[in-house]
Amino acid sequence: MSVSTLAAAPSVCAPLPVLGRDVTVPLVTGGEVTYAALDYAASAPALQRVWDDVAAYAPYYGSVHRGAGYLSQLSTDLFENARRTVAEFLGCREGDQVVFTRSTTDSLNLLAAALPAGCQVFVFETEHHASLLPWRDARVTYLDAPRTPRQAVETLERALADRDPCGPALVCVTGASNVTGELWPVRELAAAAHAHGARIVLDAAQLAPHHPVSVEDLDVDWVAFSGHKLYAPFGSGVLAGRADWLREAEPYLAGGGASRKVTRRTDGGVDVEWHESAARHEAGSPNVIGAYAVASACKALTEAGFDTLVAREQYLVGKVREGLADVPQVRFLSLFGDDAPRVGVLSFVVEGWNSSHFAAALSAEYGIGVRDGLFCAHPLVRTLLGSDPQAQGECGSPEAAPGEKSLNAIRVSFGAGTPDEHVERFVRAVRELVTDGAQWNYRTEDGRCVPDTSA
């Protein structure tokens, strides 16, 4: 079956304009092609509207909160309005705080630093490392990968029932897997956590760009996400939610902006009175442009309408799955089953191919950018591959099989800016590589598979 035989579904909406949509890249086989960016799960391209908003503000750049000049006042208003926009986008409750950070990883490390003494943390092995690793000063219980949403809830309930009921507890869970794209039962997990006296933080890095996220409706205590996955430039993130643990914790960074009052003591030391607002954890000059870009992206996605965006994304997921349904060498990875609801993230392995080799061929011969590896979710990918890898196989090993020499997977991901042609080219390329093999020779260089141009 060729891509052209796929059912021509009516266009649910045009892709949103993004930066880089007209960039061309060279092919190792000769010529150039428009780059197909299919690695949205790592970093989504910035929306053109977001970039235009940032460019319009740039001449008015000024320091915030402490400047008396017009540009400083303008920037302060813009920064605090961005905070309100994000709070509205996330459906925050009255009294919730929105703290601007550098990324999801930064947000969750901030929360980890704010945990009360003796806090026990519960986290599934399926989490991205940003959610799996920050809890170094807490008692952590790692939960096995569930195979159904119901099993996820039951696993958490059993673990929480065995915990010390007197101490504080936190559950950390993803909203959508960065490996399989599958949606997790966040509302049910939140109910289980609260029924056992625990709080819950939602890693929405992969959920917020694709689905509406409401702190209040989902009944989570905190939510974290990154701007660079939400169609904003790098360097900005958000932690939003309950204020009490954040207000009672030592500032994440000590310095100007976090401090309300500093005085010298008679013994020569200093006394510090810290802010109780979000500023407590935003020491230093904040990333005003980053916060503004995140707010701009929140507005753009809201105005585009998530119902429309989700419909288009599911149409593209369907094109991939239908286009490769009769290619037995391709095996998609899944926890909850192929029919489980998911965002535009799909990971797979190809029988007989080293994943790095396959991804390199997609790039060099077709101008398609995907991701290969363990996707900063090593325990999950190893579980899905059924392997316990100790070393990566050499690039291009023809006998490599999933879980043997090919110890990684390939991930294709897309979103609001992805045109049909990019997905159609990807499906065609996968079919051709499986059927005909690569047109070029490849070699391993610094652990990566690259075209061999030595000949």
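> Quick question: what am I supposed to make of the sheet that holds strand S8 (residues 199–203) here?
Strand pairing within a sheet occurs via backbone hydrogen bonds; the two strands may be parallel or antiparallel. Overall, mixed pairing links the seven strands, which are arranged S4-S10-S9-S8-S7-S5-S6 in an open sheet. A strand with exactly one partner marks an edge of an open sheet, and here the two such strands are strand S4 (97–101) and strand S6 (139–143). Neighbour-to-neighbour, the strand axes of this sheet turn through a mean angle of 20 degrees, independent of strand direction. Of the pairings in the sheet, the one linking strand S5 (residues 120–124) to S6 comprises five bridges and is parallel in character. Note that in S6 the partner of Val 123 across the bridge is Tyr 142. Helix H2 (residues 70–89) rests against S4, strand S9 (222–226) and strand S10 (237–241) of the sheet, and its axis sits at about 115 degrees to S4. Most of the contacts of helix H3 (residues 104–113) go to S9, to which it runs at about 150 degrees, and overall it touches S4, strand S7 (169–174), S8, S9 and S10.

> Sorry, what's going on with the sheet that holds strand S16 (residues 371–373) here?
Spatially, four strands are ordered S13-S14-S17-S16 in an open sheet, and the strand pairing comes out antiparallel. Of all strands in the sheet, those with a lone pairing partner are strand S13 (330–332) and S16, marking the two edges. Taken pair by pair, the neighbouring strands of this sheet meet at an average axis angle of 30 degrees, ignoring direction. Direction of pairing for S16 relative to strand S17 (residues 409–413): antiparallel, over a ladder of three bridges.

> Looking at this structure, how should I read the packing of helix H10 (residues 306–323) against helix H13 (residues 420–436)?
Pairs of packed helices are described in terms of their axes, by the angle between the two and the distance that separates them. Packing of H10 against H13 leaves a shortest axis separation of 9 Å and a crossing angle of 15 degrees. The orientation of H10 relative to H13 falls into the category roughly parallel. Judged by the twist between their axes, the crossing of H10 over H13 is right-handed. Between H10, through Arg 312, Tyr 315, Leu 316, Lys 319, Val 320 and Gly 323, and H13, the contact on the second element is made entirely by Asp 420, Val 423, Glu 424, Phe 426, Val 427 and Arg 431.

> Sorry, what's going on with the pairing of S5 here?
Regular strands place their side chains on alternate faces of the sheet. By the criterion of burial, S5 is predominantly enclosed, with five of the five residues buried. Judged by which residues are buried, S5 turns out to be covered on both faces: Gln 120, Phe 122 and Phe 124 on one side and Val 121 and Val 123 on the other are all buried.

> Please clarify how the packing of aromatic side chains should be interpreted in this entry.
Aromatic ring pairs: the centre-centre distance and the angle between the two ring planes describe each pair. One pass over the full model with this rule turns up eleven aromatic pairs. Taking the centre distance of 5.4 Å and the plane angle of 45 degrees together, the rings of Phe 79 and Phe 100 count as tilted. With Phe 79 in helix H2 and Phe 100 in strand S4, this residue pair connects regions lying 21 residues apart in the sequence. Summarising the aromatic geometry, the rings of Phe 89 and Phe 306 are spaced 6.2 Å apart at their centres and angled 45 degrees between planes, so their arrangement reads as tilted. Here the residue Phe 89 occupies a position in helix H2, and Phe 306 occupies one in helix H10, the gap between them amounting to 217 residues. Accessibility assignment for this pair places Phe 89 and Phe 306 in one class, buried. Counting every residue linked through ring pairs, the aromatic cluster contains Phe 332, Phe 348, Trp 353, Phe 358 and Phe 426. Its guanidinium or amino end placed over the ring of Phe 332, Arg 321 lies 4.8 Å from that ring's centre, counting from NZ or CZ.

> When you look at the state of the cysteines in this model, what are you seeing that I'm missing?
As used in these notes, a disulfide is a covalent bond between sulfur atoms, one from each of two cysteines. As enumerated under the stated definition, the model contains zero disulfides in all. Of all cysteine sulfurs in the structure, the one in Cys 172 sits closest to Cys 119, which takes part in no disulfide; the separation is 11 Å.

> Just to check I follow, could you spell out H2 for this structure?
A turn of α-helix holds 3.6 residues, and therefore any two residues three or four places apart point the same way. For H2, with 20 residues, the first-to-last C-alpha span of 28 Å sits near the 28 Å given by 1.5 Å per residue. Against the buried residues of H2 lie helix H1 (48–57), S4, S9, S10, helix H9 (288–304) and H10.

> Quick question: what am I supposed to make of the pattern of salt bridges here?
Close approach of charged atoms allows side chains with opposite charge to pair. According to the stated counting rule, one finds 24 salt bridges in the structure shown. We note a salt bridge from Arg 49 to Asp 53, for which the minimum N-O separation is 3.9 Å. Placement of the pair is Arg 49 and Asp 53 together in helix H1, with a separation of four residues, close to one helical turn. We note a salt bridge from Arg 312 to Asp 420, for which the minimum N-O separation is 2.8 Å. Of this pair, Arg 312 sits in helix H10 while Asp 420 sits in helix H13, and the two are 108 residues apart along the sequence. Since its relative accessible area comes to 23%, Asp 420 is described here as partly exposed.

The rules behind these values
- Residues numbered from 1 in each chain as written.
- Predicted model: local features only at pLDDT ≥ 70, side-chain atom pairs only at ≥ 80, totals over all residues.
- Heavy atoms only, no water.
- Pairing = 2+ DSSP bridges.
- Helix = DSSP H or I, 4+ residues; strand = E, 2+ residues; numbered from the N terminus.
- Axes fitted to C-alpha atoms, helices over the stretch in contact; angles between N-to-C directions.
- Contact = heavy atoms within 4.5 Å.
- Parallel < 35°, antiparallel > 145°, perpendicular 65-115°, else oblique.
- Left-handed = near helix turned anticlockwise from the far one by under 90°.
- Buried < 20%, exposed > 50% of the residue type's maximum accessible area, 1.4 Å probe, protein only.
- Phe/Tyr/Trp six-rings, centres within 6.5 Å; stacked < 30°, edge-to-face > 60°.
- Lys NZ or Arg CZ within 6 Å of the ring centre and 35° of its normal.
- Disulfide = S-S within 2.5 Å.
- Expected span 1.5 Å × (residues − 1).
- Salt bridge = Lys/Arg side-chain N within 4 Å of Asp/Glu carboxyl O.

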